[in-house]
Structure formats: structure tokens, C-alpha cells
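What follows is each chain in one-letter form.
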Amino acid sequence: MRKGAWPVDRPVTVGVDGSPSSMRALDWAADEAALHGRPLRVVYASAWERFEGATPAEDFPEGATEAAALERITDDAAVRARRRRPEVGIQAEVLPGEPVDVLVQAGEDAFVLVVGHRGHGALARRLFTGSVGAGVAERVWCPVVVVGDSVPELPSDVRQIVVGIGEGADADAAHVAFALQEAQARGCDLVVVHARSPQETRRDPPGLHGSPAADALLSAAVPDRAALGSGVVVRGQVIDGPPQKALLHVADHADLLVLGVRHGHGMVCRELGPTHHAALRHAPCPVALVPGLWASPHR
């Protein structure tokens, strides 16, 4: 949704394919729906097996139809989600079409779209780049959360949401707002991380962490943090070096790493850069990719 209020009935939508990765994504999505008091929509794209290199019916008795196999996957996913979060309303469905197209369309009505890092067969042997999830993140208009091979179980006193920002506060507004919302829902800290380029390092003195320059950057990125009234502690870190290294280091103790995704000049789709791909491959926590035109439900 590009502008305006975000209706409370918009679901957390998750793509499943029966793989262990998609089941981890399902669990995360169910928790996210419970945190925000939203329904959960479970979606299976009927052409997914062409991408994943596996036939979902292979575990079924001889003579079972493909339709029955697909329904079994979504039914099992719905049962799993209900057991995990019985308070959440759940809708599960099989939709015809190519995975990216199906999920992008499902994202038009979603609060957030959740996918797994890896799937069946061939996809399980590939890096995330070029997969279904990356294609979705480049086209969908809602935040996309990619759940990796493990989801950290952190003690309550070290939980935090980490968001990466650049020098331009205006360009960072959407994904910082999303990160702030996630921190508020969890009652945990928000850590705003800026990795300084060599040009910035030459322009400013070293040791910016905790300096007036760091405070100014933080204030520009999160101008309304003092008005939250939610108990969220917002902290800033300015780190010299490549953003990939800085973000992955801080994300060691994160529930979620949040990055913005912008349109390239003259592009209809967004383009994921080296920092996005590094985070998707190596982050120790789920990664949220938030398009620049996303509108927070609280704005």
C-alpha cells in the first residue's frame, strides 16, 4: 500500500511449499500476526514445483492427485500455525500461477509478506540470489521478510531490531518507520546503524559513535522517537567500513534486520544491491526488505 491508512484486517501473508525453510517462515509469520493482532494468510503457488525442483505429490500414495497434494501442504501449514498461535485467524489457499507473480499479487493486500530462504530440491542447493524470494522483494510494494535457516531465540534483555540507514534521511524514512513499529510491537530496543564510507571518514573526525554528528544522524532518521510513548529505546551506531560487515556484526543480537529497497533511476522494479544480498545470505536473523514507498499504518 503506497499511501494512506493501513487497514487492520490486512494479513501477514506467507508463502509455503512444504519445505523446512517455508515452515520456519510460517512460524515467524504466525508470531508476527499475533504480535500485531492481524490475520494470517498462507499461500501456495501451484507452479512452485517448477522452481523448487520437486513435486509436492511425491510423498503421497500412488494415484493421489496434484490438487490433493497441494491442499495437503496448505492444510498442514494451517494446522501448524493454529497450534502455534491459536488466537490468530488463518486462511490457507492454493493459487494458480508462477511463484513470484502469485506472491507479488498477494503482497498487494498484505501487511507484510514472509518467505523462506530456501525451498525444495534445486533451490535448496542455491544461494538466495535469483530465487523466488529475491524476485518478490524486487517487485512487491509491502515489506518482505526473508526467514533464514535459523531464527534466533534471544534472551529478553538482549533483543533488538536493527535497521541500516544511509546519509539521506528522507530515503530512509519508510524502512526506519517499519523497524520502529516492529520494535514497538516487541517492546525491545531499536538500533539504527550507519556504516561510514571512506569519503565520510575523511570528511568527519573518527570515533563518531556517541558524538554530536552521530546524534544528528539519528535525529534525522528517527525524528519522532521522543513522541513514541512506548518505552522503545532508540540507539545509534556509526561504524567505519563496509555496510555489509557493519550490519551483520550488529545483527548478531537482533530479532530482525531491516533494510530499505529503492528504485533505480528509471526502473519499474527495485534492484537489490550487494548489501541486501550479503544480508540475505549471511544474516543470523530474519531480514526485512522495505520498499521506499511503503506507508506505515501509524503515519
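Preceding block: the structure.
Caption draft 1: Structural detail: the overall build of the chain. Scanning the chain for helices and strands turns up eleven helices and ten strands. A total of 299 residues make up the chain; the buried ones form 50% of that total. For the chain, long-range pairs separated by at least 24 residues make up 80% of all intrachain contacts whose partners lie at least 6 apart in sequence. For the chain, the exposed surface amounts to about 13,600 Å²; the carbon and sulfur share of it is 52%.

Caption draft 2: Molecular detail of the pattern of salt bridges. Overall, the coordinates contain 14 salt bridges when judged by the stated rule. Ionic pairing is found between Asp31 and Arg85, a salt bridge with its closest N-O pair at 2.9 Å. You can see Asp31 sitting in helix H1 (residues 20-36) and its partner Arg85 sitting in the loop between helix H3 (66-84) and strand S3 (90-95), a full 54 residues away along the chain. The exposure class assigned to Arg85 is partly exposed, which follows from its relative accessible area of 28%. Across the pair Glu182 and Arg186 runs a salt bridge whose closest N-O atoms are separated by 2.4 Å. With Glu182 and Arg186 both in helix H7 (residues 169-186) and four residues apart, the pair spans about one turn of that helix.

Caption draft 3: Spatial organisation of helix H10 (residues 243-250). Within H10, the full set of buried residues consists of Ala246, Leu247 and Val250. Seen end-on, H10 carries its buried residues on one side only, within an arc spanning 90°. Residues of H10 that are exposed and point more than 90 degrees away from the buried face comprise Lys245 and His249. Elements that come into contact with the buried residues of H10 comprise strand S6 (160-165), strand S7 (189-196), strand S8 (234-240), strand S9 (256-261) and helix H11 (274-282).

Caption draft 4: The arrangement of the nonpolar core in detail. One finds Val14, Val16, Leu26, Leu40, Val114, Leu190 and Val258 to be the most contacted residues of the largest nonpolar core, which totals 42 residues. At seven residues, the largest contribution of residues to this core is made by H1. Other than its neighbours up to four places away in sequence, Leu40 contacts Val12, Val14, Leu26, Ala29, Ala30, Ala33, Ala81, Val88, Gly89, Ile90 and Gln91. Judged by nonpolar contacts, the second largest core, of 35 residues, contains Ala45, Leu103, Val261 and Leu272.

Caption draft 5: Structural view of the environment of Val12. Its place among the elements puts Val12 in strand S1 (residues 12-15). Sequence separation between Val12 and Ala30 is 18 residues; the distance between their C-alpha atoms is 7.9 Å. Excluding residues that lie within four positions of it along the chain, Val12 makes contacts with Ala29, Glu32, Ala33, Pro39, Leu40, Arg41, Phe111, Val112 and Val114.

Caption draft 6: Expanded view of the environment of Ala173. On the secondary structure map, Ala173 appears in helix H7. Residue classification places Ala173 among the partly exposed residues on the basis of a relative accessible area of 28%. Each C-alpha atom of the pair Ala173 and Gly260 lies 8.9 Å from the other, and the pair is 87 residues apart in sequence.

Caption draft 7: Up close: the side chain of His276. As for its placement among the helices and strands, His276 is situated in helix H11. A distance of 2.9 Å separates a polar side-chain atom of His276 from the backbone nitrogen of Gly273.

Caption draft 8: H1, seen in detail. End to end, H1 covers 25 Å across 17 residues, agreeing with the expected 24 Å (1.5 Å per residue, within 8%). The element H1 is extensively covered by neighbouring structure, given that 13 of its 17 residues are classed as buried. Positive backbone phi, approximately 65°, marks Gly37, located one or two places after H1.

Caption draft 9: Layout of the sheet that holds S3. What the ten strands build is an open sheet, ordered S3-S2-S1-S4-S5-S10-S9-S6-S7-S8; its pairing is mixed. Looking at which strands have only one partner, the edges of the open sheet turn out to be S3 and S8. Geometrically, the sheet is characterised by an average inter-axis angle of 25° between neighbouring strands, direction not taken into account. Judged from the three bridges that link them, S6 and S9 form a sheet pairing that is parallel. From the neighbouring strand, Val162 faces S9, where its bridge partner is Leu257. Contacts from helix H4 (residues 99-107) reach S1, strand S2 (40-45), S3 and strand S4 (112-116), with the element oriented near 160° to S2. Strands S6, S7, S8 and S9 of the sheet are contacted by H10, whose axis makes an angle of about 160° with S7.

Here is what the cut-offs are and how they apply
Residues numbered from 1 in each chain as written. Predicted model: local features only at pLDDT ≥ 70, side-chain atom pairs only at ≥ 80, totals over all residues. Heavy atoms only, no water. Helix = DSSP H or I, 4+ residues; strand = E, 2+ residues; numbered from the N terminus. Buried < 20%, exposed > 50% of the residue type's maximum accessible area, 1.4 Å probe, protein only. Contact = heavy atoms within 4.5 Å. Areas by Shrake-Rupley, 256 points an atom, 1.4 Å probe, with all protein chains shown as cover. Salt bridge = Lys/Arg side-chain N within 4 Å of Asp/Glu carboxyl O. Arc of directions from axis to C-beta. Core = buried A, V, L, I, M, F, W, Y, C linked by side-chain atoms within 4.5 Å. Polar contact = N/O pair within 3.5 Å; in protein donor to acceptor, adjacent residues only side chain to side chain. Expected span 1.5 Å × (residues − 1). Pairing = 2+ DSSP bridges. Axes fitted to C-alpha atoms, helices over the stretch in contact; angles between N-to-C directions.

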